[in-house]
Amino acid sequence: MELWMLDVALQSHRDLRSPLSTTHRSSSVNGTLDPRGVTFFIIQGLANLSEKKMILFAILLLIYIVILGGNSMIIFVTLTDPKLTSPLYFFLCNLSFVDTVYTTTTIPNMLSGFLTNILTISVPGCFLQMYFFIQLSVTGRAILTVMAYDRYMAICNPLHYNAIMTRPIQLLLVAGAWGFGAVCTLPAALMAVWRPYCGPNVVKHGWCDLSSVRRLVCGDTSLDDILSLSFAMVALLTTGILILSSYVMIGVSVSRMSVAQRLKAFGTCAAHLIVVSISYTAASFVYISYRVGNFSPEVRPLLFSGSQTVLCKHLE
């Protein structure tokens, strides 16, 4: 769920501005030249699909319905079933909410892009979409880290689990996950907002992706690239190391258990391990897509959406 980070790391050193982007200025569409610069952006990532548009529209719409349906079911069941009161289900409910809002920031806009010849978005709307997409992706990864800690406590400290994982502690952990997402997102998002956009306004992506919008800045963005990459590494390494550490300690503890206890411990961790594995696998696909030169940029949003569908299936 951290696909934006690889976008920044892999695109920051490139200048992929094409002749098409240099001719599509704000004045070329609305007939006026605003002295303040660009007043809206054109989302061009899905514009070259031609006759495949309706097929992809149907696929993406189905994916979105599955995502909303799966996450809504999880949230409804965990909130209404009195038997599902453990911290694991509380964190799962929060993760489903984050995933629902996360996909809603981009997929509806992408769906409308299939139905129009030119998809535009206002400058404030673009930056809001950018911020929430990044912030929610980091928050989702942070909640997965919290869930790994919860599994560590349940398996390695079962006698103290209920005394430690109280509702105030659960709320504190979730609030920390949201705060971590905001801290890792705000610097790069604010720098993008403050930059001048006085020329091309064509975003070569399926939504307002940070690295794609940054290529439209009138000025040097080297500092922006360094800042984004730094916070991306902090978010990735912090969550990755904590998740890995939790499962290393779980593995050490499980190795001392009987066969029956091992099977029970594996059952409590299997779903979370699957979700974490799919999350990192999806990020790997994005990395590969930028390494393979002939990989269509229009397909990356569909890869992202497909990974979300698989995540929802295992969360259920």
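Conventions we followed
Residues numbered from 1 in each chain as written. Predicted model: local features only at pLDDT ≥ 70, side-chain atom pairs only at ≥ 80, totals over all residues. Heavy atoms only, no water. Helix = DSSP H or I, 4+ residues; strand = E, 2+ residues; numbered from the N terminus. Buried < 20%, exposed > 50% of the residue type's maximum accessible area, 1.4 Å probe, protein only. Contact = heavy atoms within 4.5 Å. Areas by Shrake-Rupley, 256 points an atom, 1.4 Å probe, with all protein chains shown as cover. Phe/Tyr/Trp six-rings, centres within 6.5 Å; stacked < 30°, edge-to-face > 60°. Lys NZ or Arg CZ within 6 Å of the ring centre and 35° of its normal. Salt bridge = Lys/Arg side-chain N within 4 Å of Asp/Glu carboxyl O. Pairing = 2+ DSSP bridges. Axes fitted to C-alpha atoms, helices over the stretch in contact; angles between N-to-C directions. Disulfide = S-S within 2.5 Å. pLDDT = per-residue confidence, 0-100. Parallel < 35°, antiparallel > 145°, perpendicular 65-115°, else oblique. Left-handed = near helix turned anticlockwise from the far one by under 90°. Nonpolar A, V, L, I, M, F, W, Y, C, P; charged D, E, K, R; others polar.

Enquirer: What should I look at first to understand the overall build of the protein in this one?
Expert: The secondary structure content of the protein amounts to 13 helices and 3 strands. Within the span of the protein, comprising 316 residues, buried residues form 50% of the whole. Long-range pairs, those at least 24 residues apart, make up 82% of the contacts in the protein with a sequence separation of at least 6. With an accessible surface of roughly 14900 Å², the protein has 70% of that area assigned to carbon and sulfur atoms.

Enquirer: Looking at this structure, how should I read the packing of aromatic side chains?
Expert: Centre distance and the angle of the planes are the two values used to describe a pair of aromatic rings. In this structure the tally under the stated criterion is 9 aromatic pairs. An aromatic cluster is defined as three or more aromatic residues linked by ring pairs; in this entry it consists of Phe41, Phe127 and Tyr197. Over the ring of phenylalanine 90 we find arginine 167, and its NZ or CZ is 4.6 Å from the ring centre.

Enquirer: Please explain the pattern of salt bridges as it appears in this structure.
Expert: Two side chains of opposite charge can pair, provided their charged atoms sit close to one another. Inspection of the entire model under this criterion finds 3 salt bridges. Aspartate 224 is the salt-bridge partner of arginine 195, the closest N and O atoms lying 2.5 Å from each other. Of the two residues, arginine 195 is situated in the loop between α9 (167-194) and β3 (202-203) and aspartate 224 in helix α11 (residues 222-254); the sequence distance between them amounts to 29 residues. Assessed through its relative accessible area of 25%, arginine 195 is described here as partly exposed.

Enquirer: Mind showing me how you'd approach the sheet that holds strand β1 (residues 40-43) here?
Expert: Within a sheet, each strand pairs with its neighbour through backbone hydrogen bonds, oriented either parallel or antiparallel. Strand order in the open sheet made by the 3 strands is β2-β1-β3, with mixed pairing throughout. Sheet topology places β2 (119-122) and β3 at the edges, where each strand pairs with a single neighbour. Note: β1 against β2, 4 bridges, orientation antiparallel. Its bridge partner being in β2, isoleucine 43 is matched across the sheet by leucine 119. Together, β1 and β2 form the strand contacts of helix α7 (residues 123-156), whose direction differs from that of β2 by roughly 90°.

Enquirer: Just to check I follow, could you spell out the state of the cysteines for this structure?
Expert: Taken as a whole and judged by the stated rule, the model has 2 disulfides. Disulfide partner of cysteine 126: cysteine 208, at an S-S distance of 2.1 Å. Its S-S torsion of about -125° marks the bond between cysteine 126 and cysteine 208 as left-handed, since a negative value means left-handed. One end of the pair, cysteine 126, is in helix α7; the other, cysteine 208, is in the loop between β3 and α10 (210-214), and 82 residues separate them in sequence. Each member of the pair, cysteine 126 as well as cysteine 208, carries the same accessibility label: buried. Paired by a disulfide, cysteine 198 and cysteine 218 hold their sulfur atoms 2.1 Å apart. When the S-S torsion is -135°, as for the bridge of cysteine 198 with cysteine 218, the disulfide is left-handed.

Enquirer: Where do I start with the confidence of the model for the protein in this structure?
Expert: For any part of a model where pLDDT is low, the fine detail of the predicted coordinates should not be relied upon. Taken as a whole, the protein shows an average pLDDT of 78; of its residues, 75% reach a score of 70 or greater. When pLDDT is averaged over each element of the protein, α9 comes out on top at 94 and helix α2 (residues 19-23) at the bottom at 37. Within the model, the stretch residues 1-35 combines pLDDT values under 50 with 91 contacts to residues more than four positions away or in other chains. The low-confidence segment residues 312-316 (pLDDT under 50) makes 15 contacts with residues lying over four places distant or belonging to another chain.

Enquirer: How should I be thinking about the packing of helix α5 (residues 87-104) against α7 in this particular structure?
Expert: Between two packed helices, what matters for the description is the angle formed by their axes and the separation of those axes. Where α5 meets α7, the closest approach of the two axes is 9 Å, and the angle between their N-to-C directions is 165°. Comparing the axis directions of α5 and α7 gives the class roughly antiparallel. Along this stretch, α5 crosses α7, giving a crossing that reads as left-handed. Every residue of α7 that contacts α5 at Pro87, Leu88, Phe91, Leu92, Asn94, Leu95, Val98, Val101 and Tyr102 is listed here: Phe133, Leu136, Ser137, Thr139, Gly140, Ile143, Leu144, Val146, Met147, Asp150 and Arg151.

Enquirer: Is there a simple way to explain the packing of α5 against α9 in this structure?
Expert: For the pair α5 and α9, interaxial distance at closest approach is 11 Å and the crossing angle is 25°. With respect to α9, the element α5 is oriented roughly parallel. For the element pair α5 and α9, the recorded crossing hand is right-handed. Every residue of α9 that contacts α5 at Pro87, Phe90, Phe91, Asn94, Phe97 and Val98 is listed here: Arg167, Gln170, Leu171, Leu173, Val174 and Trp178. A class-by-class count of the residues in the contact of α5 with α9 yields 9 nonpolar, 2 polar and 1 charged.

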